[in-house]
Amino acid sequence: MPFEIKSIIILAIAKLFEIVFDSQGLQFAELREDLNDLEKEYFTERDDIHQRAILQQLHDGFSRKGPKLCGMEKFTKEEASRL
């Protein structure tokens, strides 16, 4: 079989698989977007939990040391949550 015919057959087969590869590429892009959204959501929630824990520790530390600490008055849990 001549080289030209072989190359035409290979190009035709590649053209058939082009649709499959395009659809797989789109599915991969959608999957990657979903994973990015989940990752952002996870890290946002984790940061929120850490910030709340830090604020609670600050509040507990101020509560134990008395009403004034370096000129600062004691604040309530609501104020700590708002911060």
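Definitions and limits used
- Residues numbered from 1 in each chain as written.
- Predicted model: local features only at pLDDT ≥ 70, side-chain atom pairs only at ≥ 80, totals over all residues.
- Heavy atoms only, no water.
- Helix = DSSP H or I, 4+ residues; strand = E, 2+ residues; numbered from the N terminus.
- Areas by Shrake-Rupley, 256 points an atom, 1.4 Å probe, with all protein chains shown as cover.
- Phe/Tyr/Trp six-rings, centres within 6.5 Å; stacked < 30°, edge-to-face > 60°.
- Buried < 20%, exposed > 50% of the residue type's maximum accessible area, 1.4 Å probe, protein only.
- Salt bridge = Lys/Arg side-chain N within 4 Å of Asp/Glu carboxyl O.
- Patch = residues over 30% accessible without salt bridge, like charges linked within 9 Å, V, L, I, M, F, W, Y side chains within 5 Å.
- Lys, Arg positive; Asp, Glu negative; His and termini not counted.
- Charge placed at Lys NZ, Arg CZ, Asp CG, Glu CD.
- pLDDT = per-residue confidence, 0-100.

So, the overall build of the protein chain
- Broken down by element type, the protein chain carries two helices and two strands.
- Start at the N end of the protein chain and walk to the C end: the helices and strands fall as α-β-β-α.
- Carbon and sulfur atoms form 62% of the exposed surface of the protein chain, whose accessible area is close to 7800 Å².

Structural notes on the packing of aromatic side chains
- Enumeration according to the criterion identifies two aromatic pairs in this entry.
- With a centroid separation of 5.1 Å and 70° between ring planes, the pair formed by Tyr42 and Phe43 is classed as edge-to-face.
- Since its relative accessible area comes to 48%, Tyr42 is described here as partly exposed.

Observations concerning the pattern of salt bridges
- Throughout the structure, instances matching the rule amount to two salt bridges.
- In this structure, Lys15 and Glu18 form a salt bridge, with 3.0 Å as the shortest nitrogen-oxygen distance. Of this pair, Lys15 and Glu18 both sit in helix α1 (residues 3-65), three residues apart, which is roughly one turn of the helix.
- Residue Glu18 is classed as partly exposed on the basis of its relative accessible area, which comes to 34%.
- We note a salt bridge from Asp48 to Arg52, for which the minimum N-O separation is 3.2 Å. Of this pair, Asp48 and Arg52 both sit in helix α1, four residues apart, roughly one helical turn.

A closer look at a negative patch on the surface
- A cluster of acidic residues, Glu30, Glu33, Asp34, Asp37, Glu41 and Glu45, forms a negative patch at the surface.
- Its location among the elements puts Asp37 in helix α1.
- Among the residues examined, Asp37 registers a relative accessible area of 46% and is labelled partly exposed.

Notes on the confidence of the model for the protein chain
- The share of residues in the protein chain with pLDDT of 70 or more is 86%, and the mean pLDDT across the chain is 85.
- Here strand β1 (residues 68-69) stands out as the least confident element of the protein chain, with mean pLDDT 50; α1 is the most confident, with 91.

Let's talk about the environment of Gln56
- Within the secondary structure, Gln56 is located in helix α1.
- Distance in space between the C-alpha atoms of Gln56 and Ala80 is 7.2 Å, their sequence separation being 24 residues.

Notes on a nonpolar patch on the surface
- Taken together, the side chains of Met1, Ile5, Ile9, Ile13, Leu16, Phe17, Val20 and Phe21 define a hydrophobic patch exposed on the protein surface, amounting to about 820 Å² of accessible area.
- Among the secondary structure elements, Ile9 is positioned in helix α1.
- Given the relative accessible area of 39%, Ile9 is considered partly exposed.

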